[in-house]
Amino acid sequence: MGCSECCIKCLSGIPYASLIATVLLYAGVALFCGCGHEALSGTVTILQNYFEVVRSPLDALDVFTIIDILKYVIYGVAAAFFVYGILLMVEGFFTTGAIRDLYGDFKITTCGRCVSAWFIMLTYIFMLAWLGVTAFSSLPVFMYFNIWNTCQNVTALESTKLCIDLRQFGIVTLSEDRIVCSNMDKFQELCKSSELDLTFHLFVCALAGAGAAVIAMVHYLMVLAANWAYVKDACRMQKYEDIKTKEEQELHDIHSTRSKERLNAYT
């Protein structure tokens, strides 16, 4: 076998559908985790510099504690789905090898089909989880859009007094007065600052990354379902070939025995 034939054989064994889904998953998770982490850091800067929100000295569950928890969740999501993408790629390679070479080194077993079914169930659960993450990621986008829209309205209507109240978004408690109005210097600084635009666009990118992860999970579901169906049909075909080979061997043994008997009777 020449070099070109070896390359073609190797390329034919690559699960391209799983590879595309893995690249999309890694891109979406990286976009969500990276942009989400920086957006949360920018949110802390905006709350401290322009709204004068301070961290609670007690072990209370304030907005800063929630942001810290979300950052740790992002770290865990990045690590978990990096490993999960590798596992799905390995499963795709094994399934492709099993389909292309039924009687090679890799045999189709009941365990292999159970692993494929388990990955289908797990991927479906992760898809629902990413749908929830996408819905949750749209909330800060909506909040920052309202703030950005307020700044734009003040620029268009200079005589109108508009205010941004953090209590409307549930960031602070009702007893705290964290309001910034258009007649205040903090409001003008916030609208002209780069932190507002950067954080807003980072949250938008994080939302896009979560959506890409959902698409990757749907893609994985289609690939895993197709692979499971192919493996199931290949397993049936393998059993049929084994039974057919066994019957042919039995018929051959019967014909050989009869031929020997006739030869002995003739002699």
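Criteria and cut-off values
Residues numbered from 1 in each chain as written. Predicted model: local features only at pLDDT ≥ 70, side-chain atom pairs only at ≥ 80, totals over all residues. Heavy atoms only, no water. Helix = DSSP H or I, 4+ residues; strand = E, 2+ residues; numbered from the N terminus. Contact = heavy atoms within 4.5 Å. Areas by Shrake-Rupley, 256 points an atom, 1.4 Å probe, with all protein chains shown as cover. UniProt positions renumbered as here; feature names shortened; annotations may be inferred. pLDDT = per-residue confidence, 0-100. Core = buried A, V, L, I, M, F, W, Y, C linked by side-chain atoms within 4.5 Å. Buried < 20%, exposed > 50% of the residue type's maximum accessible area, 1.4 Å probe, protein only. Polar contact = N/O pair within 3.5 Å; in protein donor to acceptor, adjacent residues only side chain to side chain. Salt bridge = Lys/Arg side-chain N within 4 Å of Asp/Glu carboxyl O. Disulfide = S-S within 2.5 Å.

## Section: the overall build of the chain
Alright, step 1. Helix and strand content of the chain: 6 helices and 2 strands.
Alright, step 2. Starting at the N terminus, the α and β elements of the chain follow one another as α-α-α-α-β-β-α-α.
Alright, step 3. In the chain, the proportion of contacts linking residues at least 24 apart, taken out of those at least 6 apart, comes to 78%.
Alright, step 4. Total accessible area on the chain stands at roughly 16400 Å², and carbon and sulfur atoms take up 66% of it.

## Overview of the UniProt feature "transmembrane region" (unreviewed entry) in the chain
Alright, step 1. If you check UniProt for "transmembrane region" (unreviewed entry), the listed places come out as residues 72–94, 115–136 and 200–230 in our numbering.
Alright, step 2. Between the C-alpha atoms that bound residues 115–136 there is a distance of 31 Å. The span itself is 100% helix and 0% strand.
Alright, step 3. With 100% helix and 0% strand, residues 200–230 has its two end C-alpha atoms placed 45 Å apart.

## Points about the environment of cysteine 191
Alright, step 1. Inspection of the secondary structure assignment puts cysteine 191 in helix 5 (residues 185–192).
Alright, step 2. Along the backbone, cysteine 191 and glutamine 152 are 39 residues apart, and their C-alpha atoms lie at a distance of 8.4 Å.
Alright, step 3. Sequence-distant contacts of cysteine 191, that is, excluding residues within four places in its chain, are made with Cys151 and Leu196.

## Description of the confidence of the model for the chain
Alright, step 1. Scored by pLDDT, the chain has a mean of 80; 74% of the residues are at 70 or more.
Alright, step 2. Confidence, read as mean pLDDT per element, is least for helix 1 (residues 3–12) in the chain (64) and greatest for helix 2 (residues 16–49) (92).
Alright, step 3. Contacts for the low-pLDDT stretch residues 102–106, under 50 throughout, to residues beyond four places or in other chains number 10 contacts.

## Quick look at the nonpolar core
Alright, step 1. Core analysis: the biggest nonpolar cluster contains 50 residues, and Leu25, Phe51, Val53, Phe81, Trp130 and Leu190 have the highest contact counts within it.
Alright, step 2. Element by element, the count of residues in this core is highest for helix 6 (residues 194–266), at 13 residues.
Alright, step 3. When sequence neighbours within four positions are dropped, the list of residues in contact with tryptophan 130 reads Val29, Phe32, Val77, Phe81, Ala210, Ala213, Val214 and Met217.

## Overview of the side chain of threonine 43
Alright, step 1. With respect to the helices, strands and loops of the structure, threonine 43 is situated in helix 2.
Alright, step 2. By relative accessible area, threonine 43 is classed as buried at 12%.
Alright, step 3. Of note is the side chain of threonine 43, whose polar atom sits 2.8 Å from the backbone oxygen of alanine 39.
Alright, step 4. Apart from the residues lying within four places of it in its own chain, the contact partners of threonine 43 are Ile67, Tyr144, Thr199 and Phe203.

## Side note on the pattern of salt bridges
Alright, step 1. All chains considered together, the criterion is met by 1 salt bridge.
Alright, step 2. For the salt bridge of aspartate 165 with arginine 167, the shortest nitrogen-to-oxygen distance reads 3.1 Å.
Alright, step 3. On the accessibility criterion, aspartate 165 (12% relative accessible area) is buried.

## What to know about the state of the cysteines
Alright, step 1. The final tally for this structure, using the stated rule, is 2 disulfides.
Alright, step 2. Residue pairing for cysteine 151: its cysteine sulfur links by disulfide to cysteine 191, the two sulfurs lying 2.1 Å apart. The disulfide joining cysteine 151 to cysteine 191 has a torsion of about -75 degrees about its S-S bond and is therefore left-handed. With cysteine 151 in helix 4 (residues 110–156) and cysteine 191 in helix 5, this pair connects stretches of sequence that are 40 residues apart.
Alright, step 3. Here cysteine 191 falls in the partly exposed class, since its relative accessible area comes to 22%.
Alright, step 4. Between the sulfur atoms of cysteine 163 and its disulfide mate cysteine 181 the distance is 2.0 Å. Handedness of the cysteine 163-cysteine 181 disulfide follows from its S-S torsion of about 100 degrees: it is right-handed. A residue pair is termed long-range when its members are at least 10 positions apart, and cysteine 163 in strand 1 (residues 163–165) and cysteine 181 in strand 2 (residues 179–181) qualify at 18 residues.
Alright, step 5. For cysteine 163, a relative accessible area of 37% translates into the label partly exposed.
Alright, step 6. Each bonded cysteine of the chain is numbered by sequence order, and under that numbering the disulfide pairs are 1-4, 2-3.
Alright, step 7. Just so you know, cysteine 35 is unpaired, no disulfide at all, and the nearest cysteine sulfur is the one on cysteine 205, 4.6 Å from it.

## A look at the environment of alanine 225
Alright, step 1. Note that alanine 225 resides in helix 6.
Alright, step 2. Distance in space between the C-alpha atoms of alanine 225 and alanine 117 is 8.2 Å, their sequence separation being 108 residues.

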